[in-house]
Amino acid sequence: MPPILQVNVDHVATLRQARQTIEPDPVDAALQAEQAGAQGITIHLREDRRHIQDRDLAVMRQMAQTRLNLEMGATDEMIEIACKVKPDMVTLVPEKREEVTTEGGLEVVSQVEFLKKQVSRLQAGGMEVSLFIDPEADQIKMSAQVGAQAVELHTGEYANAISEEARQTELSRLIQGSEEAYALGLQVNAGHGLTYFNIQPIAGLPYLNELNIGHSIVSRSIYVGMTQAVREMLELIRNA
Ligand code: PXP
């Protein structure tokens, strides 16, 4: 079975927020992505609300027909929001106000007790919890330790590799990370920086369950429409 595709529609909201208007609407984009075959929708409610707004999250929860994955920082404010809205899954990510996009994975090793508490609050609210981490053995081990059901392996280093050799090195780390996570009983997801050009080796990772892809699909949708953009990505994943 190929991994499922969850489309991240944050950057539809980025375009809307550039003019503080009502269009384009990320919920509308998500429904089109689902109609085209996406098996889940991902949004990131950032502390600074630079793209997705609280209202988008509430409406998305009502409208999404597949799975809703909410990316967020592990703050008390976000945990309270998630417990009210109840997405199907929460992916905890590190968040810095000054970054353009998420940089690096969550530091689990140094925050075990804190994350244990936040993960169990989310699970008590009925949500599955995934941790967005670098493919490193100790981060993976501690993700299982804090009680997460899943990890999302950060593919950013792979995506940014400037030589074929570096890309193969990053791919090997991701393969090893998938195997280690699976052996610990964790569901294996992956995402960040994935495009139509670099997706196929990642879609072939062992035990991979979900892919979260945003910027590249939203970018392509400007030229070919969301339906076609999602179908093309699904086709690449299926044929990986
Ligand atoms: N996964 C996580 C945890 C992310 O933070 C992001 C970016 O919001 C993505 C996946 C999607 O990355 P991209 O937009 O580069 O496809």
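Just above, that's the structure.
Each value, and the rule that gives it
- Residues numbered from 1 in each chain as written.
- Predicted model: local features only at pLDDT ≥ 70, side-chain atom pairs only at ≥ 80, totals over all residues.
- Heavy atoms only, no water.
- Helix = DSSP H or I, 4+ residues; strand = E, 2+ residues; numbered from the N terminus.
- Rg over C-alpha atoms; globule rule 2.2 N^0.38 Å.
- Buried < 20%, exposed > 50% of the residue type's maximum accessible area, 1.4 Å probe, protein only.
- Contact = heavy atoms within 4.5 Å.
- Areas by Shrake-Rupley, 256 points an atom, 1.4 Å probe, with all protein chains shown as cover.
- Lys, Arg positive; Asp, Glu negative; His and termini not counted.
- Charge placed at Lys NZ, Arg CZ, Asp CG, Glu CD.
- Pairing = 2+ DSSP bridges.
- Axes fitted to C-alpha atoms, helices over the stretch in contact; angles between N-to-C directions.
- Right-handed = clockwise from strand over helix to strand, strands pointing away.
- Core = buried A, V, L, I, M, F, W, Y, C linked by side-chain atoms within 4.5 Å.

Colleague: Is there a simple way to explain the overall build of the protein chain in this structure?
Modeller: Within the protein chain, the secondary structure is distributed over 11 helices and eight strands. Expected size for 240 residues packed as a compact globule is a radius of gyration near 18 Å; at 17 Å, the protein chain falls within 12% of this value. Per-residue burial for the protein chain yields a buried fraction of 49% across its 240 residues. Here the analysis covers contacts within the protein chain between residues at least 6 apart in sequence; of these, 66% occur between residues at least 24 apart. Roughly 11000 Å² of accessible area belongs to the protein chain as shown, and the carbon and sulfur atoms make up 50% of that amount. Computed over 21 positive and 34 negative side-chain charges, the inter-centroid distance for the protein chain is 5 Å.

Colleague: What exactly am I supposed to notice about the sheet that holds strand E3 (residues 68-72) here?
Modeller: Two pairing modes exist for strands in a sheet, parallel and antiparallel, and in both the strands are linked by backbone hydrogen bonds. If you walk around this closed barrel you meet the eight strands as E1-E2-E3-E4-E5-E6-E7-E8, and the pairing is parallel. Neighbour-to-neighbour, the strand axes of this sheet turn through a mean angle of 25 degrees, independent of strand direction. In the sheet, strand E2 (residues 40-44) pairs with E3 via four bridges, with the strands oriented parallel. Bridging from a neighbouring strand, Thr42 pairs with Asn69 of E3.

Colleague: Would you mind going over the pairing of strand E6 (residues 150-154) with me for this structure?
Modeller: Residues in a regular strand project their side chains so that they alternate between the two faces of the sheet. Taken across its five residues, E6 has five buried, putting it largely inside the fold. Here E6 shows two buried faces, one formed by Ala150, Glu152 and His154 and the other by Val151 and Leu153. One ladder, built from four bridges, connects strand E5 (residues 128-133) with E6; its direction is parallel. By the bridge assignment, Leu131 is partnered in E6 with Val151. Handedness of the crossover is the feature at issue here: the chain leaves E5, passes through helix H6 (residues 137-145), returns alongside E6, and the resulting connection is right-handed. Sheet analysis places E6 next to strand E7 (residues 187-191), joined by five bridges and oriented parallel. Bridged to His154 within E7 is Gly191.

Colleague: Could you clarify how one ought to interpret the nonpolar core in this entry?
Modeller: Side chains of nonpolar character tend, in soluble globular proteins, to be buried together. Leu92, Leu131, Leu211, Ile217 and Val230 are the most contacted members of the largest nonpolar core, which has 67 residues in total. The dominant element in this core, judged by the number of residues it contributes, is helix H11 (residues 226-238), at six residues. The contact partners of Val230, leaving out residues within four places of it in the chain, are Leu5, Val7, Ala33, Ala36, Ala38 and Ile217.

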